[in-house]
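Summary of structural features
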Amino acid sequence: MASSSKPFYYAEEQTAKLANLIGTLKGEDEGGPFSQPIKELFAAENYSEVLTRFAKESKVLLGLGEKEFEPVYNLLIAMTRDANPDAVATHVKSIIQPIVDSPAEKAQVKLRVLSNLYNNLEVNSPSRYEVFVAIVNVAAKNDELDALVPQLASLDALTAQWGASLNQKRSLYLLLSEKLEGSEEHKREAYEYRLRYLATFENADAAALKTTKEQATRAVREAIRIPEVLNFEDLFRLQAVQALKPSKLFDLLTIFMEHGLAQYRAFVKSNAGFVAKEGLSEEANVKKMRLLSMATLAGKNVQGEVPYEAIAKELEIPEDEVEIWVINGEWHSASEICVVLLLRVPKPFKKVIRAGLIDAKMNQLKKTVVVSRSTHRVFSDAQWQQLSDKLAAWRTNLKEVLQVIANAKLIGAQGLSIETPVGA
């Protein structure tokens, strides 16, 4: 902002009031060592220095009551909006840091002030990144993350607008992961942002990958621990996670990605105490492995039937508990897995299972589960070949159906042509 111009908000009365307010909050009398120089700077039209001093002393504004808090900060924000572009970043940091460092109180009004500051900056202003980080920190400190999470869907577009650097993106993903992890409701989102952090190291050199070991280790533990995480392939293929091998934790991840309960039991037996040492629950691990083992078993029998006996053997449960376990037992441990029962009477009782991993119906008379769809735990070359074979079969079937339709049309046309007109 050039010293010769005077934006609309630089009314002498408003400036004097803000200067006196800050001076009073600092314990000074009117016309004291803070407010008097401000008046002199204003008279000399050195507006940039006026704003610099306001921003540096904005910490004292935190002592205002909620009624005065937002209007006073909005005046400061208005000044910042039209400040010299080269000075905006410094002013923004001076304003937001005291808010971030302040105790957990006045959460709503603080977040409104930060949102106002964010919205008053240019859309492509790099300072928007700093304000967004401040919003995350204040929301986390005051247990207000629920209001923030829906906005994260646009994060990629926002970071592009801000021109965020790779290191800034990494810092933001890690910050979101750490803060969301502190909320029981957002463990899954925390895990996803840790994955995004690790994904930024794809094709990085060995030295850079070495710095990710702690976060990669935490990501593996979280994937195993969080009930909703049932797909491990994206995590497994990250270079930062591949860099963990050889290790027992990597071996355990491999089991969760593509093996069954029997292999898990063998691992636990060979590595006594390891699961507990990693902060994992043996009971929860077995539940998840049963779920994943069932998915694998179903995947081998799509459009086929799986006997209760085979399920009981794979899941290591009594046969008479198969229905109870599948329907009422452990499927509901993952919020994304919803089991819906449709009971058809009086023909054999069928319970249609709607799950995140399989679609199937249970035939209680035959004691089988009829699988119509299954989600593959790993989609490798074998699964691509299986898909190709199915598409080829469908194509053949469609050709046959089209031929039948064509033949029917031909017969119909021939029948019409030999009809004798009425009255001939």
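Worth saying up front: this structure is predicted, and the values here are computed from it rather than measured.

1. A short note on the overall build of the chain
Looking only at helices and strands, the chain features 22 helices and four strands. Looking at the chain as a whole, 43% of its 424 residues are labelled buried. Long-range contacts, defined as pairs at least 24 residues apart, comprise 59% of the intrachain contacts of the chain with a sequence gap of at least 6.

2. Some words on the packing of helix α11 (residues 187-199) against helix α13 (residues 213-225)
Two quantities define a packed helix pair, namely the angle between the helix axes and the distance between the axes. It is the contact of α11 with α13, at a shortest axis distance of 10 Å, that shows an interaxial angle of 145 degrees. You can see that α11 and α13 cross each other, and the crossing is left-handed. On α13, the residues touching Y191, R194, L195, Y197 and L198 of α11 are Q215, A216, R218, A219, E222 and A223. Its residues placed into classes, the contact of α11 with α13 shows seven nonpolar, one polar and three charged.

3. A word on the environment of Y129
Position of Y129 relative to the elements: it lies in helix α7 (residues 127-141). Placed 40 residues apart in sequence, Y129 and K169 show a C-alpha to C-alpha distance of 9.6 Å.

4. Some words on α11
Spanning 13 residues, α11 covers 19 Å between terminal C-alpha atoms, matching the ideal 18 Å at 1.5 Å per step. Among all positions of α11, only A190, Y191, Y193, R194, L195, Y197 and L198 are buried. Residues of α11 that are buried in the fold lie against α9 (155-162), α10 (166-181), α13, α14 (233-236) and α15 (239-242).

5. Side note on unusual backbone geometry
In the segment running from K245 into P246, the intervening peptide bond is cis, with an omega of 0 degrees. With respect to the helices and strands, P246 occurs in the loop between α15 and α16 (248-258). Even without being glycine, K106 reaches a positive phi, approximately 50 degrees. The backbone phi angle of D143 is positive, close to 55 degrees, even though this residue is not glycine. Turning to its location among the elements, D143 is positioned in the loop between α7 and α8 (145-148). Judged by its relative accessible area of 71%, D143 is exposed.

6. Side note on the side chain of E70
Examined against the element boundaries, E70 turns out to sit in helix α4 (residues 66-81). There is a polar contact of 3.2 Å between the side chain of E70 and the side chain of N116. Ignoring sequence-local partners within four residues, the contact set of E70 consists of V109, R112, V113 and N116.

7. Considering the environment of T217
As for its placement among the helices and strands, T217 is situated in helix α13. Classification of T217 by relative accessible area gives buried; the value is 15%. Along the primary structure T217 and A240 are separated by 23 residues, whereas in three dimensions their C-alpha atoms are 9.2 Å apart. Here T217 is in contact with L244 and L249, once residues within four sequence places are set aside.

8. Section: the nonpolar core
Residues F54, F132, L172, F232, L235, V241 and Y264 are the most contacted members of the largest nonpolar core, which totals 97 residues. The biggest single contributor to this core is α7, with ten residues. When near neighbours in sequence (up to four residues on either side) are disregarded, L235 contacts Y191, L195, A219, V220, A223, V241 and L253. Ranked by size, the runner-up nonpolar core spans 13 residues in total, among them M294, V306, M362 and V371.

9. Remarks on the packing of aromatic side chains
Tallied over the full model, the rule gives twelve aromatic pairs. Ring centres of Y129 and W162 lie 6.0 Å apart, and the angle between their planes is 75 degrees; this geometry places the pair in the edge-to-face category. Of this pair, Y129 sits in helix α7 while W162 sits in helix α9, and the two are 33 residues apart along the sequence. The exposure class of W162 is buried, given its relative accessible area of 3%. With a centroid separation of 6.3 Å and an interplanar angle of 35 degrees, the aromatic rings of Y173 and Y193 are classed as tilted. Of this pair, Y173 sits in helix α10 while Y193 is found in helix α11, placing the two residues 20 residues apart along the sequence. In this structure Y193 comes out as buried when scored by relative accessible area, which is 7%. Ring pairs connect the aromatic residues Y118, Y129, F132 and W162, which therefore count as one cluster. Its end group placed over the ring of F201, R170 keeps NZ or CZ at 3.7 Å from the ring centre.

Scoring rules and cut-offs
Residues numbered from 1 in each chain as written. Predicted model: local features only at pLDDT ≥ 70, side-chain atom pairs only at ≥ 80, totals over all residues. Heavy atoms only, no water. Helix = DSSP H or I, 4+ residues; strand = E, 2+ residues; numbered from the N terminus. Buried < 20%, exposed > 50% of the residue type's maximum accessible area, 1.4 Å probe, protein only. Contact = heavy atoms within 4.5 Å. Axes fitted to C-alpha atoms, helices over the stretch in contact; angles between N-to-C directions. Left-handed = near helix turned anticlockwise from the far one by under 90°. Nonpolar A, V, L, I, M, F, W, Y, C, P; charged D, E, K, R; others polar. Expected span 1.5 Å × (residues − 1). Polar contact = N/O pair within 3.5 Å; in protein donor to acceptor, adjacent residues only side chain to side chain. Core = buried A, V, L, I, M, F, W, Y, C linked by side-chain atoms within 4.5 Å. Phe/Tyr/Trp six-rings, centres within 6.5 Å; stacked < 30°, edge-to-face > 60°. Lys NZ or Arg CZ within 6 Å of the ring centre and 35° of its normal.

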